[in-house]
Amino acid sequence: QVQLVESGGGLVQAGGSLRLSCAASGSFFRIDSMHWYRQAPGNERELVATISSGGSTNYADSVKGRFTISRDNAKNSVYLQMNSLKPEDTAVYSCKAIIQKTTTAPNLYQYWGQGTQVTVSA
């Protein structure tokens with residue numbers, strides 16, 4: 001079984017910074033892409049940032065220049081450094097990993113973390 005566990009959320013004032021972490025554990029062959037999503041109350045879930053297996057990154061326009069996604073393949077982990085936080089960044093942040101479970105089958109599966117709350121006060 002594959003499990004993703006996030007950490008690093010919390011309460012911060014506008015202009016502050018937080019760093020989210022997400023670690024994958026369990027039995028699998030490799031992790032392909034990794035992603036951070038967020039969902040605010042009453043809103044649809046939004047893709048915030050993506051990092052490919054090769055390290056290429058993409059960001060939502062709303063966070064470009066403020067957030068940085070990175071990964072540590074040795075630790076099966078993905079991070080989201082969030083700077084210059086705004087009240088509108090308040091949401092539950094969740095990570096997703098696209099995983100190839102075995103060497104013999106190329107099928108990819110997606111796994112989600114449980115989410116971590118980020119609250120930015122004005």
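For the structure, check the block above.
Here's what I pulled together on the structure shown here. Keep in mind that this is a model prediction, so the values were computed, not measured.

**As for unusual backbone geometry**
A negative phi holds for most residues other than glycine; trans holds for most peptide bonds. Despite not being glycine, N76 shows a phi value in the positive range, around 50°. With respect to the helices and strands, N76 occurs in the loop between β7 (67-72) and β8 (77-82). Positioned with a positive phi, S84 is a non-glycine residue whose angle comes to about 50°. Tracing the backbone shows S84 in the loop between β8 and β9 (91-100).

**Section: the state of the cysteines**
Disulfide: a covalent bond connecting the sulfur atoms of a pair of cysteines. What the rule picks out here adds up to one disulfide. Each sulfur of the disulfide joining C22 and C95 lies 1.9 Å from the other. Of note, the bridge from C22 to C95 carries an S-S torsion of about 50° and is right-handed in sense. A residue pair is termed long-range when its members are at least 10 positions apart, and C22 in strand β3 (residues 18-25) and C95 in strand β9 qualify at 73 residues. Summarising the burial analysis for this pair, C22 and C95 share the class buried.

Conventions we followed
Residues numbered from 1 in each chain as written. Predicted model: local features only at pLDDT ≥ 70, side-chain atom pairs only at ≥ 80, totals over all residues. Heavy atoms only, no water. Helix = DSSP H or I, 4+ residues; strand = E, 2+ residues; numbered from the N terminus. Disulfide = S-S within 2.5 Å. Buried < 20%, exposed > 50% of the residue type's maximum accessible area, 1.4 Å probe, protein only.

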